[in-house]
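Here's the letter readout for the chains.
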Amino acid sequence: MANDELQSRFSPNRPLEPDVAAELQSIMRLHDLSPEDLYLKWDSYCLQMETDAHDVTLSSVRRLKQTIQDSLEKDNSRKAQVKTAATPRPSAGARGAGAAAAATDVFGMLDGLVPSTPATGARLKSGGASASGLKRKLETPRSAAGPGSSPAGRGMSDQLKTMNGTPAASFRDRANPGEVVELLNGHLDPVDPPIAPFPESRIRLKASSDQSKMAYKPLAMKLSEASEILDDRIDEFLSVVQEYHSLEDSAFGSAASQSTTPVVAVGRIASDSMEGRLNAASLVLETSRRTGMGLRIPLNMDKIASWSFFPGQIVALKGSNASGKAFVVEEILEIPLLPSAASTPANLEAHRERLRGGPDAMDSDSDPAPLNILYAAGPYTADDNLDFEPLHALCSQAADTYADAMVLTGPFIDVDHPLIATGDFDLPEEATYDPDSATMTTVFKYLFSPALNRLATSNPNITIILVPSTRDVVDKHVSWPQDMVARKDLGLPKAARLVSNPMAFQMNEVLTAVSSQDALFEIRGEEVVQNPKGAAADAMGRLCRYLIEQRHYFPLFPPMDRKRLPKTGTEEGVATGAVLDVSYLKLGEMVSVRPDVMLTPSLLPPFAKVYDSVLAINPGPLSKRRGAGTYARMTLYPPASLAPNDDSGMVSHKVFERARVEIVRI
């Protein structure tokens, strides 16, 4: 049993090598881990080491084993020190706060991170005298170096290298730039870039979401409103299930009511404890106030061979509660999907003609050239600098290939970036601003915007779409769903469009849905899976189908604990997290139809796959903490030409059949 579960999690497409399987079982026995817990540790280890989680070798598993052992020893050592540490006694003379900090800071790890040991790095730099005065105010003279002090002049970059254990790799020395690591629809030929840019834009952009609703007031959530939103979502799904399965009102009932008669219960998956991860023993179904007075009842899944749930998932279960203590599930009813996106033949033909780029651009008898669209996700620079070299490289690629569109998701200026968190960085020498009134908008203008301005100059007809993140320090809207970033003083080109998060928009006929929330990673860490079979055995497919089935860009509730998210390079090391505003979660729902393209940026391995006729793309971060990342490149062929008088009604877009998608190393 354990072998089968290890096989399904670590290597679903090919058998594990016997030595690797034996080593994994050894780790499970040594640390009393389940296959699922071991895989989560493996996932976290691969993210930290920036390696491919699918490449399960004996050497990498042994390194994981050593890492787990080292972590355990550090925890034990820390606990022992807490128990045996003596209370420090103040003494006369120089044993002040600074001396105490120096005594405990043996390796200089706190240098520049606490008030008693300030760093010497300049904050905001400008050519004027006022900036120099500002720099002098922020700096504190360093005392002579002692045996236990940090080297003089050591800046934040050196400290980052010490704290992370390994120095960040230079972007120029990155391995295999331009390598395609994953390919979808390889039978479609790649297209050479045009000799010159098209005379006009080949993309017509149209919003499919009401962005005005996103301008709500954050941090003003009321418990009554939040509970109503959660209740309404259950009741809405009850109506959807009833219509899809043609059920009478009498077929539904409360899972919490004791009865031997089978009923259909619609509710939300939850855990019986606020702490710890969801598991088979802690599964409960939360009912709405209308259908079950808001009660929670434990679920007995013994009669179901294969299933998968996550907290917040809305489900329809058929079963009975004869004992009054648990709802025995006999069947999991299917949740219907939204219909596919479609257009009229006349609209498709108009979009097809737009791809010609103007009346004189191409021969009207030949097929128009495919669209070239780039997708990338933040962060856009490594932890040890704010040079944004990956962003400049991506913009150069878009300029050289005359890309039609580029979709960028945040964070752009990351609040979890260690240099942004400390303010220990310089702006370019050519930047002109008042240091007394400089803000993070100034930082965006002089560090992020120049790459986009150069791109817009060399490729004037490109469409650039910017989707913010809750980690964006320039966005005053701090919760999700999230309003767009205010454009004022950002220095963006006219080609750049700022949208909300999440956002659904049409590029010609293609309905694209984007959310910068990492829903996939958090659901992967919270879900509980029992004997996955068929399509459910594919972890990435299962995660994407959750979003499509639940009709929501972030269906997980409550979100993952911030302490369990991957650590950041900041002093605290705790990630920002989901930052949900529950009262407005309805703004995160998919509207009316399934998207053609669903952009789901995640820390999980990048991919481009088709699920339920939806092309799901995870481009991966453009920059990792200590190295270069990946982006996605789509070559979208035009829709098939239809007869001039075709009145067959709505025609499905079928973007997944005519899109060649490559995941490329930057």
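Under the annotation held in an unreviewed UniProt entry, the chain carries the name DNA polymerase alpha subunit B and is attributed to Hapsidospora chrysogenum. Here is the UniProt Function (unreviewed entry) comment for the chain, exactly as written: "Accessory subunit of the DNA polymerase alpha complex (also known as the alpha DNA polymerase-primase complex) which plays an essential role in the initiation of DNA synthesis." The heading Subcellular location (unreviewed entry) in the UniProt record of the chain holds the text "Nucleus".

Chemist: Can you walk me through empty space enclosed by the protein in this structure?
Modeler: Sizing a probe to match a water molecule and rolling it over the atoms shows the empty space that remains. On inspection of all chains with the given rule, the structure shows six cavities of 30 Å³ or more. Taken as a whole, the largest cavity holds about 80 Å³ of empty space. Of the residues that constitute the lining of the largest cavity, the class distribution is six nonpolar, three polar and three charged.

Chemist: Can you help me understand the nonpolar core in this one?
Modeler: When a protein is soluble and globular, its nonpolar side chains tend to lie buried together. Of all hydrophobic cores here, the largest spans 46 residues; its most connected members are Tyr380, Leu394, Met406, Leu408, Phe448 and Leu466. Broken down by secondary-structure element, the contributors of at least two residues to this core are strand E10 (371–377), helix H11 (389–400), strand E11 (405–409), helix H12 (418–422), helix H13 (440–447), helix H14 (449–458), strand E12 (463–467) and strand E13 (496–498).

Chemist: Explain the packing of helix H15 (residues 519–526) against helix H16 (residues 539–550) to me, please; I cannot follow it from the model alone.
Modeler: Relative orientation and spacing of two packed helices are given, respectively, by the angle between their axes and the distance between those axes. Contact pair H15 / H16: the axes reach a minimum separation of 10 Å and the direction vectors enclose 110 degrees. By the criterion of interaxial angle, the relationship of H15 to H16 is roughly perpendicular. Where H15 approaches H16, its residues Ala519, Leu520, Ile523 and Arg524 are matched on the opposing element by Ala539, Arg542, Leu543, Cys544, Tyr546 and Leu547. Class assignment for the residues of the contact of H15 with H16 results in eight nonpolar, no polar and two charged.

Chemist: What is the right way to look at the sheet that holds strand E4 (residues 283–286) in this model?
Modeler: Sheet strands associate in pairs through backbone hydrogen bonding, adopting either a parallel or an antiparallel arrangement. The five strands are arranged E3-E4-E5-E8-E7 in a closed barrel whose pairing can be described as mixed. For this sheet, the mean angle separating the axes of adjacent strands, direction not counted, is 55 degrees. Here strand E5 (residues 296–300) runs beside strand E8 (residues 327–333); their pairing, made up of two bridges, is parallel. Among the inter-strand pairings, Leu299 is bridged to a residue of E8, identified as Phe327. Against the sheet, helix H8 (residues 223–245) makes contact with strand E3 (259–271), E4, strand E7 (314–321) and E8, and its axis sits at roughly 135 degrees relative to E3, the strand it touches most.

Chemist: In this structure, what is going on with the sheet that holds strand E2 (residues 205–207)? I would like to understand it.
Modeler: Across the sheet, six strands lie side by side as E2-E14-E15-E17-E19-E18; this open sheet has mixed pairing. For this open sheet the edge positions go to E2 and strand E18 (607–611), each flanked by a neighbour on one side alone. Here the strands of the sheet are splayed against their neighbours by 25 degrees on average, with no regard to which way each runs. Here strand E14 (residues 503–507) runs beside strand E15 (residues 510–514); their pairing, made up of five bridges, is antiparallel. Its bridge partner lying in E15, Ala504 is registered against Ala513.

Quick notes on the rules
- Residues numbered from 1 in each chain as written.
- Predicted model: local features only at pLDDT ≥ 70, side-chain atom pairs only at ≥ 80, totals over all residues.
- Heavy atoms only, no water.
- UniProt positions renumbered as here; feature names shortened; annotations may be inferred.
- 1 Å grid on protein atoms, 1.4 Å probe; cavity = no way out; pocket = protein on both sides within 12 Å on 5 of 7 lines; lining within 4 Å.
- Points joined across faces, edges and corners; volume = space filled by probe spheres on them.
- Nonpolar A, V, L, I, M, F, W, Y, C, P; charged D, E, K, R; others polar.
- Core = buried A, V, L, I, M, F, W, Y, C linked by side-chain atoms within 4.5 Å.
- Buried < 20%, exposed > 50% of the residue type's maximum accessible area, 1.4 Å probe, protein only.
- Helix = DSSP H or I, 4+ residues; strand = E, 2+ residues; numbered from the N terminus.
- Axes fitted to C-alpha atoms, helices over the stretch in contact; angles between N-to-C directions.
- Parallel < 35°, antiparallel > 145°, perpendicular 65-115°, else oblique.
- Contact = heavy atoms within 4.5 Å.
- Pairing = 2+ DSSP bridges.

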